[in-house]
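Chain by chain, the residues:
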Amino acid sequence: MSDALPLKGLRVVDVSRVYAMPYAAAHLADMGAEVIRVEACHIPDTRLQLFALPDNQPGELWWERSGTFHTLNRGKRSLTLDLTKGDALEPLKQLIAKSDVVIENYTPRVSRRFGLDYPSLKKLKEDIILLSNTGYGHSGPWSEYGAVAATLESVHGTGAFMAYDGVPAKIGNSYTDFIAAWTAVFALMAALIHRRRTGRGLWIDLAMYQVGASFVGEGILDHAFNGRRQRPLGNRHLSWSPHGCYPCRGDDEWVTIAVRDDQEWQTLCGAIGKLELAKSPKYADPASRYERQDEVDRWISEWTRTRDKHEIMNTLQSVGVPCGVVMKARDMFKDTHYKARGFFEGVHHSPDSGIGEKPYISRGWRSSGMESRIQGPGPSLGEANEYVLRDILGLSAGDVARLEREGVIGRSPVGASSPRPLPLEQQKLLGWIQDYDVDYKERLG
């Protein structure tokens, strides 16, 4: 591991599950932290994800092959501990006493029951930093409620902006999880600076609904200042016009165009060869264009539908009109800009996994003098049991063997069976996926 990694020497205990906090901890691993994922053999978590299995096949080592798991847990170590058995909590608390950061996402009741609340952890290590992630925080009438991202979206107000057939809709897959992950990284960096300056640890009580509400922005301001209630606008904007998504040449190909003022409107009209629209009083200002937006959209669509989406973006960007292509996953892997920025990072998996090398999403930033990158795939189950229990905690070989006999630790799932992914053609018929490319390996290169 390079000395240039900013978090080298930092030890993080990650007892979180599912998406948001495992993904936050993965970013810490990218930046050089030693992240020890604590998991139980009987709760395989995202190791059971049906999506992103190599060639849609679980294989014999199915718990080691989920692309979702490797994305969320890349570069970590794995310690298996069944906290419900025997004295399993003891080695966990010993590990915490030798660590800098703990990340957990239990409900408040469960964290107190395990003795993993902040007052208890401070007794183990005075300057420990604890990040507790819940749906609704550790105080207030909803604090004991469980949460998933799909239901949180409605609570944090985005349902006022998104709808499908008149019914409030979610934005996309686990939207709140991702913004909670990045918020957690930000809060942890501030906590580490605080600890360096003061010598004191602290507790971060991260409530996902608050993270989501902080991204709603204009809608909350608008009601606070004007009393106006927002409504779903689809691809349109409250005041900019034209503003939308337009069809391009090819099957299901699109671009988005956003015209912010009269100058950009004049420029757009020139670019699409419709100078008569720029001169017409019918479209002279944003309000008149907004009133005739269906009409304006038809003019623009006539121009876009015969052209390649990248050609359109390059043409309009070159004259200062905001425009972006609508990317599919396949486009993103082949795109020259994504490649030039090194957004996807190749990760080599162990030969026994049968996965080979796969590209993974990296981070949303690049910086000079800091070599953050994915340090490796997600860990195999319990691969660091010996390292943690013997090397870090100093347990004897007999103690480790006893923990294994008692089922506290292990190297394979208990009480779980191989997932059964549906064939891709059936997934297509069900509408789970749009389509699939049988030659995807050749396309990826």
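Keep in mind that this is a model prediction, so the values were computed, not measured.

**Q** Describe helix α1 (residues 20-30), and please don't skip the residues or the numbers.
**A** Owing to its 3.6 residues per turn, the α-helix aligns residues three or four sequence positions apart on the same side. The buried fraction of α1 amounts to 11 of the 11 residues, a majority that puts the element mostly inside the structure. What α1 keeps buried is the set Ala20, Met21, Pro22, Tyr23, Ala24, Ala25, Ala26, His27, Leu28, Ala29 and Asp30. Phi turns positive, to about 105°, at glycine 32, one or two residues after α1.

**Q** How would you sum up the pairing of strand β2 (residues 34-39)? Please name residues and give values.
**A** Burial within β2 is extensive, with 5 of its 6 residues counted as buried. Direction of pairing for strand β1 (residues 11-14) relative to β2: parallel, over a ladder of 4 bridges. Looking at the pairing, aspartate 14 lines up with arginine 37 of β2. Handedness of the β-α-β unit built from β1, α1 and β2 comes out right-handed. Inspection of the sheet shows β2 paired to strand β3 (residues 77-80) by 4 bridges, in the parallel sense. Looking across to β3, one finds that glutamate 39 is bridged to threonine 80.

**Q** Could you give an account of the sheet that holds strand β8 (residues 202-207), with specific residues and numbers?
**A** If you trace the 6 strands from one edge of the open sheet to the other, you get β3-β2-β1-β4-β5-β8, paired in parallel fashion. Both edges of this open sheet fall to β3 and β8, since each of them pairs with a single strand only. Ignoring strand direction, the axes of neighbouring strands in this sheet form an average angle of 20°. Contacts from helix α7 (residues 175-198) reach β4 (101-104), β5 (129-134) and β8, with the element oriented near 165° to β8.

**Q** With reference to specific residues and values, describe the packing of α1 against α7.
**A** Helix-helix packing is described using two parameters, namely the angle between the two axes and the distance between the axes. Across the interface, α1 lies against α7 with an axial gap of 8 Å and an inter-helix angle of 45°. In this view, α1 runs oblique relative to α7, as classed from their interaxial angle. The crossing of α1 and α7 is right-handed. Counting all contacts with α1, which are made through Ala20, Met21, Tyr23, Ala24, His27 and Leu28, the residues of α7 involved are Asp177, Phe178, Ala180, Ala181, Trp182, Ala184, Val185, Leu188 and Met189.

**Q** Describe the nonpolar core, and please don't skip the residues or the numbers.
**A** One broad rule of soluble globular proteins: the nonpolar side chains tend to lie buried together. Leu28 and Ile103 are the most contacted members of the largest nonpolar core, which has 34 residues in total. Residue assignment for this core shows that the elements contributing at least two residues are α1, β4, β5, α7, β8 and α8 (208-213). With 9 residues, the top contributor of residues to this core is α7. Leucine 28 has contacts with Leu7, Val12, Ala33, Val35, Ile103, Val185, Leu188 and Met189, leaving out every residue within four places of it along the chain. Among the nonpolar cores identified, the runner-up in size contains 31 residues, and Leu79, Leu89, Tyr118 and Ile392 belong to it.

**Q** Break down the environment of valine 216 for me, with residues and values.
**A** Mapping valine 216 onto the fold places it in the loop between α8 and α9 (218-226). Since its relative accessible area comes to 14%, valine 216 is described here as buried. Taking the C-alpha atoms as reference, valine 216 lies 6.8 Å from glycine 157; in sequence the two are 59 residues apart. Filtering out sequence-adjacent residues up to four positions away, valine 216 remains in contact with His156, Gly157, Thr158 and Phe161.

**Q** Tell me about a nonpolar patch on the surface, and please be specific about residues and values.
**A** There is a patch of nonpolar side chains on the surface, built from Phe51, Leu430 and Trp432 and spanning about 350 Å² of accessible area. Its place among the elements puts phenylalanine 51 in the loop between β2 and α2 (67-73). With a relative accessible area of 47%, phenylalanine 51 lands in the partly exposed category.

**Q** Hey, could you go over the sheet that holds strand β10 (residues 254-258) for me, with residue numbers and the actual values?
**A** Each strand in a sheet pairs with its neighbour through backbone hydrogen bonds, running either in the same direction (parallel) or in the opposite one (antiparallel). Here we have 3 strands laid out as an open sheet, ordered β9-β10-β11, and antiparallel in their pairing. Edge positions in the open sheet fall to β9 (243-247) and β11 (323-325), since each of these has one partner strand only. Pairs of neighbouring strands in the sheet enclose a mean axial angle of 20°, with direction left out of account. Bridge analysis of β9 against β10 gives 5 bridges, and the strand direction is antiparallel. Bridge pairing in β10 links glycine 244 to isoleucine 257. The strands touched by helix α14 (residues 309-318) are β10 and β11; relative to β11, the strand with the most contacts, the crossing angle is about 160°.

**Q** Quick rundown of the packing of aromatic side chains? Include the residues and the values.
**A** Scanning the entire structure with this criterion turns up 13 aromatic pairs. A network of ring pairs unites the aromatic residues Tyr136, Trp142, Tyr145 and Tyr209 as a single cluster. In this arrangement the basic side chain of arginine 77 is found over the ring face of tyrosine 387, its NZ or CZ atom lying 4.8 Å from the centre. When the ring centre of phenylalanine 114 is taken as reference, the NZ or CZ atom of arginine 113 above it lies at 5.1 Å.

**Q** I'd like a description of the layout of surface pockets, backed by residues and values.
**A** Empty space within the second largest pocket amounts to approximately 750 Å³. Around the second largest pocket sit 38 residues that line it, and Ser16, Arg17, Val18, Asn105 and Tyr106 are the ones nearest its centre. Of all the secondary-structure elements, those providing two or more residues to the lining of the second largest pocket are α1, β2, β5 and α6 (149-155). Partitioning the lining of the second largest pocket into residue classes produces 20 nonpolar, 11 polar and 7 charged.

**Q** Could you give me a rundown of the side chain of threonine 68, with the residues and numbers involved?
**A** Mapped onto the secondary structure, threonine 68 falls in helix α2. For threonine 68, a relative accessible area of 12% puts it in the buried group. Once you skip the residues sitting within four places of it in the chain, threonine 68 turns out to touch Tyr19, Thr46, Gln49, Phe51 and Ala52.

**Q** Outline the packing of helix α17 (residues 385-392) against helix α18 (residues 397-405), supporting the account with residue identities and numerical values.
**A** Where α17 contacts α18, the two axes come as close as 10 Å, and the packing angle between them is 140°. When the interaxial angle is binned, α17 and α18 end up oblique. Every pair of crossing elements has a handedness; the one defined by α17 and α18 is right-handed. In this structure, α17 contributes Glu386, Leu389 and Arg390 to the contact, and α18 contributes Ala397, Val400 and Leu403. Partitioning the contact of α17 with α18 into residue classes produces 4 nonpolar, no polar and 2 charged.

Criteria and cut-off values
Residues numbered from 1 in each chain as written. Predicted model: local features only at pLDDT ≥ 70, side-chain atom pairs only at ≥ 80, totals over all residues. Heavy atoms only, no water. Buried < 20%, exposed > 50% of the residue type's maximum accessible area, 1.4 Å probe, protein only. Helix = DSSP H or I, 4+ residues; strand = E, 2+ residues; numbered from the N terminus. Pairing = 2+ DSSP bridges. Right-handed = clockwise from strand over helix to strand, strands pointing away. Axes fitted to C-alpha atoms, helices over the stretch in contact; angles between N-to-C directions. Contact = heavy atoms within 4.5 Å. Parallel < 35°, antiparallel > 145°, perpendicular 65-115°, else oblique. Left-handed = near helix turned anticlockwise from the far one by under 90°. Core = buried A, V, L, I, M, F, W, Y, C linked by side-chain atoms within 4.5 Å. Patch = residues over 30% accessible without salt bridge, like charges linked within 9 Å, V, L, I, M, F, W, Y side chains within 5 Å. Areas by Shrake-Rupley, 256 points an atom, 1.4 Å probe, with all protein chains shown as cover. Salt bridge = Lys/Arg side-chain N within 4 Å of Asp/Glu carboxyl O. Phe/Tyr/Trp six-rings, centres within 6.5 Å; stacked < 30°, edge-to-face > 60°. Lys NZ or Arg CZ within 6 Å of the ring centre and 35° of its normal. 1 Å grid on protein atoms, 1.4 Å probe; cavity = no way out; pocket = protein on both sides within 12 Å on 5 of 7 lines; lining within 4 Å. Points joined across faces, edges and corners; volume = space filled by probe spheres on them. Nonpolar A, V, L, I, M, F, W, Y, C, P; charged D, E, K, R; others polar.

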